Amino acid sequence: QVQLVESGGGLVQAGGSLRLSCAASGRTFSSYAMGWFRQAPGKEREFVAAISWSGGSTYYADSVKGRFTISRDNAKNTVYLQMNSLKPEDTAVYYCAADFDYSDYDREYDYWGQGTQVTVSS
């Protein structure tokens with residue numbers, strides 16, 4: 001069992017940066033691949049980024065590639081999403097998720113946080 005708590009969301013102007021954090025409970029955090037997803041109002045939840053259990057592999061949605069960076073610190077049971085050059089279309093609730101499989105498919109993930117709101121103003 002893993003419990004996830006996101007933080008770091010907020011309101012930022014276009015072109016700005018935010019860093020999201022996702023703190024996990026449990027001693028087996030390092031066994032899980034982690035993903036970030038987002039959902040904008042009226043839209044389906046979409047994949048943003050994923051990182052393997054070791055941090056050695058990462059994968060990004062085309063819409064954020066080159067602007068967002070996913071990383072993890074297994075000693076701190078935390079995964080991060082550094083978001084640079086933010087755009088109004090990045091506005092969404094951002095969720096972290098955990099699963100043994102490294103995937104961009106949300107239904108693969110068994111554990112989810114409650115989400116954190118990111119709002120990018122133009």
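A few points on the structure.

1. Details of unusual backbone geometry
Here's step 1: At N77, a position not held by glycine, the phi torsion is positive, near 55°.
Here's step 2: With respect to the secondary-structure elements, N77 resides in the loop between β7 (68-73) and β8 (78-83).
Here's step 3: Located in the positive-phi region is S85, a residue other than glycine, with phi close to 50°.
Here's step 4: Judged by relative accessible area, which is 41%, S85 ranks as partly exposed.

2. Structural notes on the packing of aromatic side chains
Aromatic ring pairs are described here by two measures, namely the spacing of the ring centres and the angle between the planes.
Here's step 1: Per the stated rule, a full pass over the model turns up 8 aromatic pairs.
Here's step 2: An angle of 50° between the planes, with centres 5.1 Å apart, marks the rings of F37 and W112 as tilted. One end of the pair, F37, is in strand β4 (residues 33-39); the other, W112, is in strand β10 (residues 111-112), and 75 residues separate them in sequence.
Here's step 3: Overall, W112 belongs to the partly exposed group, its relative accessible area being 26%.
Here's step 4: Ring centres of Y95 and W112 lie 6.5 Å apart, and the angle between their planes is 75°; on these two criteria the pair is classed as edge-to-face. In this pair, Y95 sits in strand β9 (residues 92-99) while W112 sits in strand β10, placing the two residues 17 residues apart along the sequence.
Here's step 5: For Y95, a relative accessible area of 18% translates into the label buried.
Here's step 6: Ring pairing ties together the aromatic residues F37, F47, Y59, Y95, Y109 and W112, which thus form one cluster.
Here's step 7: Above the ring of W112, the side-chain terminus of R45 is found at 4.0 Å from the ring centroid.

Cut-off values and rules
Position labels on residues start from 1 in each chain and follow its written sequence. Reporting of local features is limited, given that this is a predicted model, to residues whose pLDDT is at least 70; pairs of side-chain atoms are given and counted only at 80 or more, and all residues count toward the totals for whole chains, interfaces and linings. Only heavy atoms go into the side-chain values, all of them from the structure, while hydrogens and water stay out. Runs of H or I in DSSP of at least four residues are treated as helices and runs of E of at least two as strands, each being numbered from the N terminus. A simple rule labels every residue: compare its accessible area, found with a 1.4 Å probe on the protein chains alone, to the largest value its type can have, and call it buried under 20%, exposed over 50%, or partly exposed in between. In this scheme Phe, Tyr and Trp rings, the latter by its six-membered ring, pair at centre separations within 6.5 Å, and the angle between planes marks the pair as stacked below 30 degrees, edge-to-face above 60, and tilted otherwise. By definition here, charges over rings are those cases where NZ of Lys or CZ of Arg is within 6 Å of the ring centre and within 35 degrees of the ring normal.

So yeah, pure geometry; function would need other evidence.
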